[in-house]
Amino acid sequence: MRERRRDTRIAEENKVIMTVPGARSGSDQGTVNFCFTRDISAGGLRIMTGARLQQGDVVGLEIALSGSRRTVRASGEVRWVREIYEQEVFEAGLAFVDLDPESEIALIGHIYGKRAGKRRKPGA
C-alpha cells in the first residue's frame, strides 16, 4: 500500500495543549484540553484526546517538542476522528492551517533531526 502523506512523519509523544474555540465548546473563552501526539510531521499531527472533536473543527495547538525546549504554536484543522475507548478517548488527525515561519522551521528541524538520529549506526 502506498503512503498518501507527502510529509515525513515520526512517531513520538509530545505534550499538547489544545484550545477548542468558544463557539464550538459553548464557552466564551473556549476549552483547554491536554493531550499528546501519536505522530507528527511538518503538515500535521495525530493526537490522542478526551475532547469530542468533529471533522472541520479548527483548534489552537501548543506543542512541546520532546527532547528539546521548543514549543510550536499553530492552528490545526481536524481531518478525521476515531473513537478509541467507549466515547472517552479519541484519536484525531489534524492538518496545520496556521503555522508561523519560526514554528515551521523548529518543527522541520525537529523532525528531520530525529530521523537523522535514527539512521546513525551505533558508535558513529
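All of these numbers come straight from a predicted model, not from anything done at the bench.

## Observations concerning the overall build of the protein chain
Line of reasoning, step 1. Secondary structure assignment for the protein chain yields 2 helices and 7 strands.
Line of reasoning, step 2. Along the protein chain, helices (α) and strands (β) appear in the sequence β-β-α-β-β-β-β-β-α when read from the amino end.
Line of reasoning, step 3. Every one of the 124 residues in the protein chain was classed for burial, and the buried ones make up 36%.
Line of reasoning, step 4. Put simply, of all contacts in the protein chain between residues at least 6 apart along the chain, 56% involve residues at least 24 apart.
Line of reasoning, step 5. Element-wise, carbon and sulfur atoms account for 46% of the exposed surface of the protein chain, whose accessible area totals about 8,200 Å².

## What to know about the pattern of salt bridges
Line of reasoning, step 1. Scanning all chains against the criterion turns up 6 salt bridges.
Line of reasoning, step 2. Among the salt bridges present, the one from Glu91 reaches Arg38, with a minimum N-O distance of 3.9 Å. Of the two residues, Glu91 is situated in strand 7 (residues 89-99) and Arg38 in strand 3 (residues 31-41); the sequence distance between them amounts to 53 residues.
Line of reasoning, step 3. Among the ionic pairs, Arg46 bridges to Asp39, the shortest N-O distance being 3.0 Å.
Line of reasoning, step 4. If you follow the salt bridges from partner to partner, you end up with Arg9, Arg38, Asp39, Arg46, Arg82 and Glu91 in one network.

## Quick look at the environment of Thr37
Line of reasoning, step 1. Mapped onto the fold, Thr37 is located in strand 3.
Line of reasoning, step 2. Put simply, Thr37 and Leu65 are 28 residues apart on the chain and 9.8 Å apart in space, counted from C-alpha to C-alpha.
Line of reasoning, step 3. Ignoring anything within four residues of it in the chain, the contact list for Thr37 reads Glu12, Glu13, Asn14, Val16, Leu45, Arg46 and Ile47.
Line of reasoning, step 4. Of note is the side chain of Thr37, whose polar atom sits 2.7 Å from the backbone oxygen of Glu12.

## Topic: the pairing of strand 4 (residues 44-49)
Line of reasoning, step 1. Within strand 4, 5 of the 6 residues are buried, which leaves the element mostly enclosed by the surrounding structure.
Line of reasoning, step 2. Relative to strand 4, strand 3 is paired through 4 bridges, and the arrangement is antiparallel. When the sheet's bridge partners are listed, Asp39 is paired in strand 4 with Arg46.
Line of reasoning, step 3. Counted between consecutive antiparallel strands, the loop separating strand 3 from strand 4 contains 2 residues.
Line of reasoning, step 4. Where strand 4 meets strand 7, 6 bridges bridge the pair, whose relative direction is antiparallel. Residue Thr49 lies in a different strand from strand 7, and its bridge partner there is Phe90.

Calculation rules
Residues numbered from 1 in each chain as written. Predicted model: local features only at pLDDT ≥ 70, side-chain atom pairs only at ≥ 80, totals over all residues. Heavy atoms only, no water. Helix = DSSP H or I, 4+ residues; strand = E, 2+ residues; numbered from the N terminus. Buried < 20%, exposed > 50% of the residue type's maximum accessible area, 1.4 Å probe, protein only. Contact = heavy atoms within 4.5 Å. Areas by Shrake-Rupley, 256 points an atom, 1.4 Å probe, with all protein chains shown as cover. Salt bridge = Lys/Arg side-chain N within 4 Å of Asp/Glu carboxyl O. Polar contact = N/O pair within 3.5 Å; in protein donor to acceptor, adjacent residues only side chain to side chain. Pairing = 2+ DSSP bridges.

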